[in-house]
Amino acid sequence: MFTGLITDVGEVIGKSGGTFTLRTAYALRPEDAGISICCNGVCLTATSIKPLASGSEFSVDVSNETLAKSTLSEWATGSRVNLERSLKAGDELGGHIVSGHVDGVAKIVSITQDGASKRFLFEAPEHLSRYIAPKGSVALDGTSLTVNEVSENRFGVNLIPHSLTVTTWGGKTPGDLVNLEVDVFARYVARLMEFRI
């Protein structure tokens, strides 16, 4: 489980088939292999780790299912990636519960300045839009965000200057695709409603 609070921006430094290698500021050790790291919102297992003088490198294997349901198929050498290590018992839950199980891909429709912040308008796949509610939570590229407004399959969020600086969001442009995970509680409520008497 994760919180949607990005703690590092890593970089893809290698790709071979479905195996990607990323560089991070995390001081990971070889014996940490097997840990989960949320990469642009996708929970992946670090299969091998190489410590560096500053930070480390880790490799992940990405299945065809994940490549089909996310933006990871677009990763190339040099791609910047939002990273978060898994939640430990006792850690502060500052965002919302994020599983790292991406539901689909949303598209950035527009970005407008709003004071020091930026307003992003997204278009979600129709089958996921029913899980997105005003003032609810979504995870976009692994970032926990509050939904401002919803209209059919479009929704908006605000990103403050801090978030734009410490994540990959500062480099986004209209037309970019992002990984979308809807709120897990919204999914369960919708499922329960299917069985109401």
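The coordinates are above.
Keep in mind that this is a model prediction, so the values were computed, not measured.

Take the pattern of salt bridges next. Side chains that differ in charge, positive against negative, can pair when their charged atoms come close. One pass over the structure, following the stated rule, counts eight salt bridges. Glutamate 11 is the salt-bridge partner of arginine 23, the closest N and O atoms lying 3.7 Å from each other. Placement of the pair is arginine 23 in strand S2 (residues 19-24) and glutamate 11 in strand S1 (residues 8-16), with a sequence separation of twelve residues. With a relative accessible area of 33%, glutamate 11 lands in the partly exposed category. With its nearest N and O atoms 3.3 Å apart, the salt bridge here joins arginine 119 to aspartate 114. Accessibility expressed as a relative area gives 29% for arginine 119, which makes it partly exposed. The class for aspartate 114 is partly exposed, based on a relative accessible area of 33%. A network of salt bridges, in which partner residues are shared, links Arg29, Glu31 and Asp32.

This next bit is on the sheet that holds S2. Reading around the circumference, S1-S2-S5-S4-S3-S6 is the order of the six strands in this closed barrel, with antiparallel pairing throughout. Between one strand and the next, the sheet's axes are offset by a mean angle of 45°, whatever the strand orientation. As paired elements, S1 and S2 share five bridges and run antiparallel to each other. Paired with valine 12 across the strands is leucine 22, a residue of S2.

With that settled, the discussion passes to the sheet that holds strand S8 (residues 117-123). Note: strands within a sheet are paired through backbone hydrogen bonds, in either parallel or antiparallel orientation. The strand order S7-S8-S11-S10-S9-S12 describes a closed barrel built from six strands, whose pairing is antiparallel. For this sheet, the mean angle separating the axes of adjacent strands, direction not counted, is 45°. Here six bridges tie S8 to strand S11 (residues 154-159), and the two strands are oriented antiparallel to one another. Paired with lysine 118 across the strands is leucine 159, a residue of S11.

What counts and what doesn't
Residues numbered from 1 in each chain as written. Predicted model: local features only at pLDDT ≥ 70, side-chain atom pairs only at ≥ 80, totals over all residues. Heavy atoms only, no water. Salt bridge = Lys/Arg side-chain N within 4 Å of Asp/Glu carboxyl O. Helix = DSSP H or I, 4+ residues; strand = E, 2+ residues; numbered from the N terminus. Buried < 20%, exposed > 50% of the residue type's maximum accessible area, 1.4 Å probe, protein only. Pairing = 2+ DSSP bridges. Axes fitted to C-alpha atoms, helices over the stretch in contact; angles between N-to-C directions.

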